[in-house]
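Each chain, letter by letter, is given below.
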Amino acid sequence: MTRPADIDVRPVTEADFPDWNRALNTGFLMPPAVARAQLDARREQFVPGRTLGAFDGKRCVATFRSFDQEITAVGGALVPADAVSNVTVTPTHRRRGLLTRMMAQDLAAAKERGDVVSTLIAAEYPIYGRYGYGPATTMTEWTVDVPRAGLDPRARIPADGGRIDLVDGEDVRDLGPGLHERVRRSQPGAVSRPELWWRARTGVVSTNGTPWTEPFYAVYRSADGEVEGMVSYRADDHWGDAKQPLETATVEWLLAATPAAERALWHFLCSIDWITTVKSGWRSPDDLLPHLLPDPRAARVVTQADWLWVRILDVVRALEARTYEGRGSVVLEVGDRAGLTGGRWRLEAGPEGASCTATTGSADLALDVGELGTLWLGDESAVRLAALGRVREERAGAARVVDALLRTSRRPWCPDMF
C-alpha cells in the first residue's frame, strides 16, 4: 500500500484529464471507459487550478472540482460562492486523507479569492460536516395521483387568459436563461446556471455519457405574452391489463416566476391524456404543488432530504449580504477548526440593513461554522439546533433571538444539482 504522503495531490493538467475522468466514473460506479463526446463535454467544465486529482504514481485515484457560482441570499443579493463537485476517492484508496487534502487546498484558495461561501450537494450525509459545511436547504419530491386530484378534465388550462405551448430545445436555450435569472433572484438558495447547463439539458452535449432522448418542453405565457414558466418532462409507456392507460409524467425541472405560472404548469401536467401519475422531481419543501390541487392529499411525499450544503468562508460578508425582517442584536461565537473564519461577531440587524463586526463582548450563542451555514439561509431553527446540542446558548433565550432575525417566511430552495 502506498503511503498517503507519497500520493501526489495537485491540479490536473490537460494531459491528466482522460485519466481523471476515468477515476471520476469509477468513483461514481459508472463504466470507467469515457467516450470521446463525454470527455469533450466535460472538458468545457475544466478550470485550470480548480480541477484537482490525487495520483498514486501515474494513476489518478481521487477527483475534485470547483467552479465559480453565485448563490441567492435572503433578500435577493447574489453572493460569490465556491461550488464543489465531482468529489470521488477510488475504493482502493479510501481513508488515507485524500479528500481532506483536496478540500483544504480548495477552501484556502476560495478564501483567498474572496468567495463568501462554498456550496455542494452531498451524496452522503456524514462526509462534509467535518469540513465546516452544514445542510442549508431541503428538497421534497411528490407523486400526484391524477384521478384523485379533483381537477375538472373539461376546464380550460390555463384559466387566467395565459397560454401553454409545447416548444423544442432551441426555444428552451433561447427563453430559459432569462426566465431562470428572474426566478433565481427571488429564491434564496438558488444558484447560477452556466450556459453548459442549458445545452446539456437539451441534448447538445452529454456530460454523463448516456444516449440522449428528447423530453417534452412546455412554456407558460401570461395574458400579455410574457414567458413566466417552463417545464421539462418525460412520459413512460405503461398500460394496465384492462387496456387502460397508466402512464407517468416525470418532471425533470420546472421553473415558475409567478404563482399563476406554477398553477398553470402543474394543472397542464395533470390534464395530459393517458397520464395517471405525475412525479414532481426535486421541489422546495414548501412548494405550492399540493395546495394547487382541489384534493391536496393526491400529492404524496415520496422523498424528503437535505440538499444544498453551505460552508461559510466570510462571516461578516455572509451575514451582511442578507436581509432581516426583524430587528435585534446578538453576539455569535463561531468555531472553525480550519481557521478560515472563526471568531466572535456581533450582528446588529433590522429591515434597513445589517452590520457584523468582530467583538470581545460576551457571546450569546456558540456554534460551529457548519451550524452557521445551516442557519444562514433561514430554513433551520437555532432553538431546534440547541435542543439537538448542536448550538449552545451562553445567554438564555439567545436561540430565539437568532430565529427572530434569521428565519424566513418562505423556505429557501436550490432547484439545481451540480
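Below or above, wherever it landed, is the structure these notes cover. (Residues numbered from 1 in each chain as written. Predicted model: local features only at pLDDT ≥ 70, side-chain atom pairs only at ≥ 80, totals over all residues. Heavy atoms only, no water.)

## What to know about the overall build of the protein
When helices and strands are tallied, the protein shows ten helices and 19 strands. Over its C-alpha atoms the protein spans a radius of gyration of 23 Å, differing by no more than 12% from the 22 Å that the globule rule assigns to 418 residues. In terms of principal-axis extent, the alpha carbons of the protein reach across some 65 × 55 × 40 Å. Counting over 418 residues, the protein shows a buried share of 51%. A fraction of 72% describes how many contacts in the protein between residues 6 or more apart in sequence connect residues 24 or more apart. Surface summary for the protein: the accessible area is close to 19,200 Å², and the carbon and sulfur share equals 51%. When the 51 basic and 57 acidic side-chain charges of the protein are each reduced to a single mean position, those positions are 4 Å apart. (Helix = DSSP H or I, 4+ residues; strand = E, 2+ residues; numbered from the N terminus. Rg over C-alpha atoms; globule rule 2.2 N^0.38 Å. Buried < 20%, exposed > 50% of the residue type's maximum accessible area, 1.4 Å probe, protein only. Contact = heavy atoms within 4.5 Å. Areas by Shrake-Rupley, 256 points an atom, 1.4 Å probe, with all protein chains shown as cover. Lys, Arg positive; Asp, Glu negative; His and termini not counted. Charge placed at Lys NZ, Arg CZ, Asp CG, Glu CD.)

## Thoughts on the side chain of Arg 322
Relative to the helices and strands, Arg 322 resides in the loop between α7 (315–321) and β15 (328–335). It is Glu 325 that comes nearest to the buried, bridge-free Arg 322 among opposite-charge side chains, at 7.5 Å. Within the structure, the side chain of Arg 322 is placed 2.9 Å from the backbone oxygen of Leu 406, a separation counted as a polar contact. (Salt bridge = Lys/Arg side-chain N within 4 Å of Asp/Glu carboxyl O. Polar contact = N/O pair within 3.5 Å; in protein donor to acceptor, adjacent residues only side chain to side chain.)

## With respect to the pattern of salt bridges
By the definition in use, this model includes 36 salt bridges. Salt-bridge contacts for Arg 50 lead to Asp 82; the nearest nitrogen and oxygen are separated by 2.8 Å. Taken together, the residues Arg 50 in the loop between α2 (36–43) and β2 (51–56) and Asp 82 in strand β4 (residues 78–89) connect sequence positions 32 residues apart. Given a relative accessible area of 9%, Arg 50 falls into the buried group. The salt bridge involving Arg 184 is made with Glu 181; its shortest N-O contact spans 2.9 Å.

## Quick look at the packing of helix α1 (residues 17–27) against α2
For the pair α1 and α2, the least separation of the axes is 11 Å and the interaxial angle reads 100 degrees. It follows that α1 is roughly perpendicular to α2 by the angle criterion. Counted together, Phe 17, Pro 18, Asn 21, Leu 24 and Asn 25 of α1 and Gln 38, Leu 39, Arg 42 and Arg 43 of α2 form the full contact between these two elements. Split by residue class, the contact of α1 with α2 holds four nonpolar, three polar and two charged. (Axes fitted to C-alpha atoms, helices over the stretch in contact; angles between N-to-C directions. Parallel < 35°, antiparallel > 145°, perpendicular 65-115°, else oblique. Nonpolar A, V, L, I, M, F, W, Y, C, P; charged D, E, K, R; others polar.)

## Some details on unusual backbone geometry
Comment: phi is negative for the bulk of residues other than glycine, and the bulk of peptide bonds are trans. In this structure, the amide linkage connecting Ile 157 to the following residue, Pro 158, adopts the cis form with an omega of -5 degrees. Tracing the sequence through the fold places Pro 158 in the loop between β7 (138–145) and β8 (163–167). Notably, Lys 243 is not glycine yet its phi reads approximately 60 degrees, a positive angle. Summarising the element assignment, Lys 243 is placed in the loop between β10 (227–235) and β11 (247–256). For Trp 274, which is not glycine, the phi torsion reads 80 degrees and is therefore positive.

## Some words on the packing of aromatic side chains
Across all of its chains, the model carries twelve aromatic pairs by this definition. Seen in terms of ring centroids, Trp 197 and Trp 198 are 4.7 Å apart; in terms of plane orientation they differ by 70 degrees. Their pairing is edge-to-face. Accessibility classification places Trp 197 together with Trp 198 in one group, the buried group. The ring of Trp 197 has Arg 193 lying over it, and the distance from NZ or CZ to the ring centre is 3.7 Å. Arg 234 extends its terminal NZ or CZ atom over the ring of Trp 212, reaching a point 5.5 Å from the ring centre. (Phe/Tyr/Trp six-rings, centres within 6.5 Å; stacked < 30°, edge-to-face > 60°. Lys NZ or Arg CZ within 6 Å of the ring centre and 35° of its normal.)

## Describing the sheet that holds strand β14 (residues 308–312)
Across the sheet, seven strands lie side by side as β1-β2-β3-β4-β5-β14-β6; this open sheet has mixed pairing. Of all the strands in the sheet, just β1 (8–11) and β6 (134–135) have a single pairing partner and so form its edges. Bridging between β6 and β14 involves two bridges; their strand directions are antiparallel. Within β14, the position partnered with Gly 134 by the bridge is Val 310. Across the sheet, helix α3 (residues 98–113) lies against β1, β2, β3 (59–72), β4, β5 (117–121) and β14, angled at about 30 degrees from β3, the strand it touches most. Along the sheet face, helix α8 (residues 369–376) touches β3, β4, β5, β6 and β14 and points at about 125 degrees away from the line of β14. (Pairing = 2+ DSSP bridges.)

## Side note on α3
When the terminal C-alpha atoms of α3 are compared, their 23 Å separation across 16 residues agrees well with the 22 Å that a helix rising 1.5 Å per residue should span. Inspection of α3 places Leu 98, Leu 99, Met 102, Met 103, Asp 106, Leu 107 and Ala 110 among the buried residues, and these make up the whole buried set. Down the axis of α3, the smallest arc covering the buried residues is 140 degrees, so these residues share one side. Directly beyond the C-terminal end of α3, a positive phi value near 100 degrees is found at Gly 114. (Expected span 1.5 Å × (residues − 1). Arc of directions from axis to C-beta.)

## A look at the sheet that holds strand β9 (residues 216–221)
Within the open sheet, the seven strands sit side by side as β8-β9-β10-β11-β12-β7-β13. Their pairing is mixed. Edge strands, defined here as strands with exactly one partner in the open sheet, are β8 and β13 (299–306). On average, each strand axis in the sheet is tilted by 25 degrees relative to the strand beside it, whichever way the strands run. This element, helix α4 (residues 169–184), spans β8, β9, β10 and β11 of the sheet and lies at about 125 degrees to β10.

## Re the environment of Thr 72
Position of Thr 72 among the secondary structure elements: in strand β3. Separated by 35 residues in the primary sequence, Thr 72 and Ala 37 place their C-alpha atoms 33 Å from one another. The contact partners of Thr 72, leaving out residues within four places of it in the chain, are Ala 77, Leu 78, Arg 184, Arg 185, Gln 187, Pro 188, Gly 189, Ala 190 and Leu 377.

## A short note on the pairing of β15
The side chains of a regular strand alternate, first on one face of the sheet and then on the other. Sheet analysis places β15 next to strand β16 (residues 343–350), joined by seven bridges and oriented antiparallel. Bridge pairing in β16 links Leu 332 to Trp 345. Of the strand pairs in this sheet, β15 and strand β18 (residues 365–368) are connected by four bridges, and their pairing is parallel. Residue Leu 332 lies in a different strand from β18, and its bridge partner there is Leu 365.

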